[in-house]
Amino acid sequence: MKTVRLLCSLCAILAPGALSGALFANWEEDLRGTYSSRDFSGEISSIGGSLRQVFADAGGDRFIMVLQAEAVHNLESVMLHQLYATLKGPMGKWNLSAGRVPLPWGLLTAWSPERKPFGSPYPAISVSASDSGLLFNGTIDTFEYGISLTQGYGMGAIHDFPGPGLVTVRAGLVPEDDLGLSAGLSASWGTTPGQTNAHMPGEAMPEKRLVLALDMTLVLPQGTLRFEGGARYSGHTWSASLFTALEYALASWLTLEMAGHAWASAHEQVKGRVFAGFAVPVFGATLRGGYEYEKIAHADHRAVVQLHRQLAFSW
Amino acid sequence: MRITAPLCSCIASLLFLGNTSFLSAQEVYVCVWRNPERTMTRLFPAARDYRTVSLPITSAQLAAIESASGTTVLPGQRTQFQYFVMLDSAGATIGYTAAVTQKGEYGAIEFIIGLDRGFSVTGMYIQRARERHNQFREEAFLRGFAGKSIRDIASISDPYGAGGNHGTRAIVQGLRKELATFAVLVAR
């Protein structure tokens, strides 16, 4: 009976004049200036946005299409982050998406470091934010889940079909959206491109690995503390990564932002970076500044200034 | 300091992207609802599904909303109104939910309201806020607005009175604004 109802919904959506819905758009501008021992420069770090079209039938929202893209590094290249279609189940208990989908991983489920002026922890554990394939996810009361089966090329060029393969799963608990602790467990097995930084496109050596991670988000009255600890097994070697980020409102106009990331392989020294900075609202945008100290082989400590603006529209 | 071509392009881009809005911009309050289904289920446990509705707001309607609510609609909320129609298993409307954003002391306060078919408040949940004082989060405070409808807008006030703060006043203003918007755009 449920299958018949689903098929009827699909037919109703395709019938002329049967669709209703809404279109949402998001636009972002990210300008950055960097000062380090090697360079002093500024750039358009990113300009881009997303579109989300919702189609509804008589039973509710049923079909969603999403596109997210950005032009990076002074508009030198265009990155397609997401392009997928979703068949939505009742009350979001299940959703089936196909295309370049966001991977159900750790803190990335509800947050991204890409618009922050500090380094992302994800290259250290070879985790991509998105990949091409299928995603099955949903929310049931306080429990949320996601399972994806994707090609393993990330946001890079697709060389073959079906591709080397990547399975990613996450299970999370979100007791409250406001104050309190939420947590999740993630696992990923398969191949990812070696370069998983969304702002550094280009070819890289693919890597077959197993990654496990625990993520936690603690929402405080005036701030948010995020943590993700992961372990990666690749090439018969284990490596670990610990990441934490804090946002705390010191005053109505001033937010403290701090982040720390440490990672190490079995036979290597511990590497790390620490960031401390601020965020201030200015004329409809956010001005961020801070200093990132690195403890790696070719350390490049840097001061960063960022101007970030985000606009949203709907029709 | 070495003025590089990229640095110049950064400055030029900043001015270009900003244009007139950079010089006269206000903070834009756009509600980003992080996970609608979880809160919808709490407000309407009997709902089977929901439908997203986005309505344009004309200047005349905006004036009517601001007059009825006694508050100024914030930038980013003045031209479009989004809400959700909650549906039962037969596809019939059982209520409405809407995400509200209002200015607090430390930034935007985002909360969700549920309305029954008669446009009376069935529940409210805080979605996101960073405020020093937490009275606006208390269940007793939020529950006090249950039953208020689009016919009660003028009587909705801060129960703490002069003892209230940015948070409690933001909730009251946001609720009045949202009920006025439903009255002008949906319940007509």
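Only a predicted model underlies this, so the values are computations on that prediction, with no experimental measurement involved. Every chain is numbered independently, its residues counted from 1 as its sequence is written. To label them, take the chains in the order written and letter them from A, then take the ligands in the order written and number them from 1. Predicted model: local features are reported for residues with pLDDT of at least 70 only, side-chain atom pairs are reported and counted for 80 or more only, and whole-chain, interface and lining totals are derived from all residues. Hydrogens and waters are ignored; side-chain quantities use all the structure's heavy atoms.

Visitor: Looking at this structure, I do not really get the overall build of chain B. What am I missing?
Guide: The secondary structure content of chain B amounts to five helices and five strands. Listing every helix and strand of chain B by position from the N terminus yields α-α-β-α-β-β-β-β-α-α. Burial here depends on accessible area, computed with a 1.4 Å probe over protein chains only, as a share of the maximum for the residue type. Under 20% is buried, over 50% is exposed, and the range in between is partly exposed. Buried residues in chain B amount to 51% of all 188 residues. Contacts: residue pairs with any heavy atoms within 4.5 Å of one another. In chain B, the proportion of contacts linking residues at least 24 apart, taken out of those at least 6 apart, comes to 62%. All accessibility values rest on the Shrake-Rupley procedure with a 1.4 Å probe; residue burial counts only the protein chains present in the view. Total accessible area on chain B stands at roughly 8,500 Å², and carbon and sulfur atoms take up 54% of it. To qualify as a helix, a DSSP run of H or I must reach at least 4 residues; to qualify as a strand, a run of E must reach at least 2; elements of each kind are numbered from the N terminus.

Visitor: Looking at this structure, how should I read the pattern of salt bridges?
Guide: For side chains of opposite charge, pairing can occur when their charged atoms come near one another. A side-chain nitrogen of Lys or Arg and a carboxyl oxygen of Asp or Glu constitute a salt bridge if their distance falls within 4 Å. Taken as a whole and assessed by the stated rule, the structure comprises 25 salt bridges over all chains. A salt bridge links R42(B) to E176(A); its shortest N-O distance comes to 3.7 Å. With R42(B) in helix α2 (residues 36-43) and E176(A) in the loop between β8 (166-173) and β9 (180-193), this pair bridges two chains. On the basis of relative accessibility, which here comes to 21%, the residue R42(B) falls in the partly exposed class. With relative accessibility at 42%, the residue E176(A) sits in the partly exposed group. Among the salt bridges present, the one from R273(A) reaches E294(A), with a minimum N-O distance of 3.7 Å. Highlighted residues: R273(A) in strand β14 (residues 271-282) and E294(A) in strand β15 (residues 285-295), separated in sequence by 21 residues. Judged by relative accessible area, R273(A) falls into the buried class, the value being 17%. Ionic contacts of the salt-bridge type, sharing partners, join the residues E28(A), D30(A), R32(A), E70(A) and R115(A) into one network.

Visitor: What should I look at first to understand the environment of G91(B) in this one?
Guide: Residue and element names in this part refer to chain B. Structurally, G91 is set in the loop between β2 (80-87) and β3 (93-103). Given a relative accessible area of 30%, G91 falls into the partly exposed group. Note: C-alpha distance between G91 and R48 (43 residues apart in sequence) is 8.2 Å.

Visitor: What exactly am I supposed to notice about the interface of chain B and chain A here?
Guide: A common way to express how large an interface is: the accessible area buried when the components associate. In this complex, chain B contributes 47 residues to the contact, which on the side of chain A involves 56 residues. Accessible area that two parts lose when put together, with a 1.4 Å probe and added across both, is what the buried area reports. In this assembly, chain B packs against chain A so that about 4,300 Å² is buried in total across both faces, 53% of it on carbon and sulfur atoms. Between the two partners, chain B and chain A, sit four salt bridges. Note that K88(A) and D49(B) form a salt bridge whose closest N and O atoms lie 2.6 Å from each other. Elements that contribute at least two residues to the side of chain B that touches chain A include exactly α1 (5-24), α2, β1 (49-56), β2 and β5 (121-128) of chain B.

Visitor: Hey, could you run me through the packing of aromatic side chains in this one?
Guide: By convention here, two paired aromatic rings are described through the distance between centres and the angle between planes. Residues and elements named next belong to chain B. Only the six-membered ring of Trp is used, alongside the rings of Phe and Tyr, when aromatic pairs are assigned; centres must lie within 6.5 Å, and planes under 30 degrees apart are stacked while those over 60 apart are edge-to-face, with the rest tilted. One pass over the full model with this rule turns up 19 aromatic pairs over all chains. Ring centres 5.5 Å apart and planes at 20° place the aromatic pair F81 and Y83 in the stacked group. For Y83, a relative accessible area of 7% puts it in the buried group. Ring centres 5.2 Å apart and planes at 85° place the aromatic pair F141 and F145 in the edge-to-face group. Three or more aromatic residues joined by ring pairs make a cluster, and in this case those are F81, Y83, Y96, F119 and F182. Lysine and arginine charges are scored as sitting over a ring when NZ or CZ, respectively, is within 6 Å of the ring centre and within 35 degrees of the ring normal. The ring centre of Y125 lies 5.7 Å from the NZ or CZ of R42, which sits over that ring.

Visitor: Explain helix α5 (residues 166-186) of chain B here, please?
Guide: For an α-helix, the turn length of 3.6 residues means that residues three or four places apart are oriented alike. Residues and elements named next belong to chain B. Each residue after the first adds 1.5 Å to the expected span of a helix. Here α5 is 21 residues long and its end C-alpha atoms lie 29 Å apart, about the 30 Å a rise of 1.5 Å per residue gives. With 17 of 21 residues buried, α5 is to be regarded as a mostly interior element. Residue N165 occupies the N-cap position of α5, its side-chain oxygen lying 3.0 Å from the main-chain nitrogen of G167. Throughout this description, a polar contact denotes any pair of N or O atoms lying within 3.5 Å of each other; where both atoms belong to protein, one of them has to be capable of donating a hydrogen while the other can accept it, and for residues adjacent in sequence the pair is counted only when both atoms sit in side chains.

Visitor: Just to check I follow, could you spell out the sheet that holds β5(B) for this structure?
Guide: Sheets are built from strands paired through backbone hydrogen bonds, the pairs being either parallel or antiparallel. Residue and element names in this part refer to chain B. Sheet architecture is open: five strands sit in the order β1-β2-β3-β4-β5, paired in antiparallel fashion. Since the sheet does not close on itself, it has two edges, and those belong to β1 and β5, each with one partner. Within the sheet, the average angular offset between the axes of one strand and its neighbour, ignoring direction, is 25°. Think of it this way: DSSP has to see at least two bridges between two strands before they count as a pair. Note: β2 against β3, four bridges, orientation antiparallel. Bridge pairing links V85 to Y96 in β3. Angles run from 0 to 180 degrees between N-to-C directions of axes, and those axes are lines fitted to C-alpha atoms, restricted for helices to the stretch in contact. The sheet contacts of α5 involve β1, β2, β3, β4 (108-116) and β5, and relative to β3 the element is tilted by about 135°.

Visitor: What should I look at first to understand the packing of helix α3 (residues 59-69) of chain B against α5(B) in this one?
Guide: Each pair of packed helices can be described by the angle between their axes along with the distance between the axes. Residue and element names in this part refer to chain B. The geometry of α3 relative to α5 is characterised by a closest axis approach of 8 Å and an angle of 135° between their N-to-C directions. Considered as vectors, α3 and α5 are oriented oblique to each other. α5 is crossed by α3, and the crossing has right-handed handedness. Residues Q61, A64, I65, A68 and S69 of α3 touch α5, and the partners they reach there are R176, K177, A180, T181, V184 and L185. Its residues assigned to classes, the contact of α3 with α5 shows six nonpolar, three polar and two charged. Oblique is the label for any angle not under 35 degrees, not over 145, and not in the 65 to 115 range, which are roughly parallel, roughly antiparallel and roughly perpendicular in turn. Left-handed is the label given to a crossing in which the near helix is rotated counterclockwise from the far helix by less than a right angle, and right-handed is the label when the rotation is clockwise. Residue polarity is assigned by list, with Asp, Glu, Lys and Arg as charged and Ala, Val, Leu, Ile, Met, Phe, Trp, Tyr, Cys and Pro as nonpolar; anything else, Gly included, falls into the polar class.

Visitor: Help me understand a nonpolar patch on the surface in this model?
Guide: All names here are of chain A. Patches in this entry comprise residues that are over 30% relatively accessible and not in a salt bridge; like charges within 9 Å are linked, as are nonpolar side chains (Val, Leu, Ile, Met, Phe, Trp, Tyr) within 5 Å. On the surface, a cluster of nonpolar side chains totalling about 560 Å² of accessible area is made up of L96, L134, F136, I147, L149, V167 and V169. Of all the elements in the fold, those that place two or more residues in the nonpolar patch are β6 (130-140), β7 (143-150) and β8. Of note, L149 is situated in strand β7.

Visitor: Help me understand the pairing of strand β3 (residues 60-72) of chain A, please; the structure alone is not making it clear to me.
Guide: Side-chain positions along a regular strand alternate between the two faces of the sheet. Residue and element names in this part refer to chain A. Here strand β2 (residues 40-57) runs beside β3; their pairing, made up of twelve bridges, is antiparallel. What sits directly across from I47, in β3, is A71. One ladder, built from ten bridges, connects β3 with strand β4 (residues 77-88); its direction is antiparallel. Residue Q68 lies in a different strand from β4, and its bridge partner there is Q82.

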